[in-house]
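# What the coordinates show
Letter by letter, the chains look like this.
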Amino acid sequence: MRTTSIRLLLGGVVLIVAILVFSNRGHEFDVIPEDLHQAASKQYRSLYNRDPKEMDLFSMAGEIAVARQDYEIANKCFAQIPSDHSQYGASARLQQAQVLLKLNLPSQAELQLREFLKLNSPHRLSGQQFLRYLLEIELRFEERHRLLAVMHQEGDLTPQDAIFYGFSSLLRWNGEVAVDRCQEFYRAEPVETDVAIAWAHYLGGTARASEGLEIVDSVLSLQPRNLRAVGVKAFLLSELGEDADLSQLLKELSEPQKSDPWLLLRMRGRWAYDNDELKLAEQCYQLYLSNDASFTECYVVLAKIAAKIGETEKQQAYLESAQTLAIIQNRLGGAQFSLTDEKFYVELAELSHRIGLRSQTELMAKSALQINPESQPARDLLAASELE
């Protein structure tokens, strides 16, 4: 009887100890699988010769999970690290954004990127360029332009960034890689508004334009005032030759504004010109140019309008701008922008200066000087631009 009591007592003690051990394992065991926990602990001790704390484990386990391509676990690990953590906060937001993009979850990745950009990180430029890439895939060119404007003000534009900032409308927007990536995003997040609108836009240049119209209509049924969706719908209707529906859509809009989506301004300008509403057409294209002065179509149509109303000098100036921008576009299409060639940027600066694009002249001249600080042609162009 006594032996039985002792056994029961010992068994109870063992159970209590087991419960206490399990309860003290730490929150990380709720997130990190045991094998990953062990691997992270071992690697941390090997690197730093001390036992890891909770946030050390989450960071190390997240990095190991990324190496193993287990992105869901990596996301969970990085998500446990608060943004205000002095050692890991900023890097966790950037790392989490990267794994979320691996999981084709761009809206969640963007939230992490924007949180990262609020923090004082020495890797801020990497986050900005990552966000720029994401905005490009989703065809959110207005937002990309605003982001690049901030980078320009902060002195963080690389020569390639300067190309995107200065000549946004001359660059190809529907390359195969971008189309494939957006399709992956849409498959993973079909109800995400920005992704749905972008995918509908990409479909506009294909035989699946009708499918794109269905997608954008579903967005507008929930968000009837989403002007980005309206612009894409106008583009799709134009591609499908649905002139009556296009006219009805555009006639219902209020006065065009500088803040309107660029595609919407372009589609309204085209429609207005085709319907002899020259004042509205000119207004839309001038508003577009106030956002991005590099769009060749604007100058071509403005030249036609000038010809119709007998303003010959304006017509010639617009035509010269269109022709020069066509040359620039041809240069941008070759050799991946010749990113390390000083002469390439000097030529773009010269062409921009020829047609009075002061901002583009300065951007390209400064890019040439980034590559070769002693470039005299770039210095001369910069000085000439500043005198205007």
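About the thresholds
Residues numbered from 1 in each chain as written. Predicted model: local features only at pLDDT ≥ 70, side-chain atom pairs only at ≥ 80, totals over all residues. Heavy atoms only, no water. Axes fitted to C-alpha atoms, helices over the stretch in contact; angles between N-to-C directions. Helix = DSSP H or I, 4+ residues; strand = E, 2+ residues; numbered from the N terminus. Parallel < 35°, antiparallel > 145°, perpendicular 65-115°, else oblique. Left-handed = near helix turned anticlockwise from the far one by under 90°. Contact = heavy atoms within 4.5 Å. Nonpolar A, V, L, I, M, F, W, Y, C, P; charged D, E, K, R; others polar. Core = buried A, V, L, I, M, F, W, Y, C linked by side-chain atoms within 4.5 Å. Buried < 20%, exposed > 50% of the residue type's maximum accessible area, 1.4 Å probe, protein only. Phe/Tyr/Trp six-rings, centres within 6.5 Å; stacked < 30°, edge-to-face > 60°. Salt bridge = Lys/Arg side-chain N within 4 Å of Asp/Glu carboxyl O.

### Things to note about the packing of helix α8 (residues 124-137) against helix α9 (residues 141-153)
Axis separation between α8 and α9 bottoms out at 9 Å; the angle between their running directions is 160°. With respect to α9, the element α8 is oriented roughly antiparallel. As α8 packs across α9, the resulting crossing turns out to be left-handed. Mapping the contact onto sequence places Arg124, Leu125, Gln128, Gln129, Leu131, Arg132, Leu135 and Glu136 in α8 and Phe141, Glu143, Arg144, Leu147, Leu148, Val150 and Met151 in α9. A breakdown of the residues in the contact of α8 with α9 according to their chemical character gives 8 nonpolar, 2 polar and 5 charged.

### Regarding unusual backbone geometry
Backbone geometry places Gln69, a non-glycine residue, at a positive phi of 65°. Mapped onto the fold, Gln69 is located in the loop between α4 (54-67) and α5 (71-79). With a phi close to 60°, Asn104 is a non-glycine residue in the positive phi region. Examined against the element boundaries, Asn104 turns out to sit in the loop between α6 (89-102) and α7 (106-118).

### Some remarks on the nonpolar core
Side chains that are nonpolar tend, in soluble globular proteins, to be buried together. Of all hydrophobic cores here, the largest spans 103 residues; its most connected members are Ile163, Tyr299, Ile328, Leu332, Leu348 and Met364. With residues near it in sequence (within four places) discarded, Ile328 still touches Phe167, Leu170, Leu348, Leu351 and Ser352. Formed by 21 residues, the second largest nonpolar core is a distinct cluster that contains Ile32, Leu57, Ala65 and Ala92.

### Things to note about the packing of aromatic side chains
Across all of its chains, the model carries 8 aromatic pairs by this definition. Aromatic side chains Tyr186 and Trp199 sit 6.4 Å apart centroid to centroid with 25° between the ring planes, which places their arrangement in the stacked category. Of this pair, Tyr186 sits in helix α11 (residues 176-188) while Trp199 sits in helix α12 (residues 193-203), placing them 13 residues apart in sequence. Accessibility classification places Tyr186 together with Trp199 in one group, the buried group. An aromatic cluster is built from Trp173, Tyr202 and Phe235, whose rings are joined through pairwise contacts.

### Topic: the pattern of salt bridges
In this structure the tally under the stated criterion is 24 salt bridges. Among the ionic pairs, Asp161 bridges to Arg132, the shortest N-O distance being 2.5 Å. Of this pair, Asp161 sits in helix α10 (residues 159-166) while Arg132 is found in helix α8, placing the two residues 29 residues apart along the sequence. Summarising the burial analysis for this pair, Asp161 and Arg132 share the class buried.

As far as function goes, none of this settles anything; it's purely spatial.
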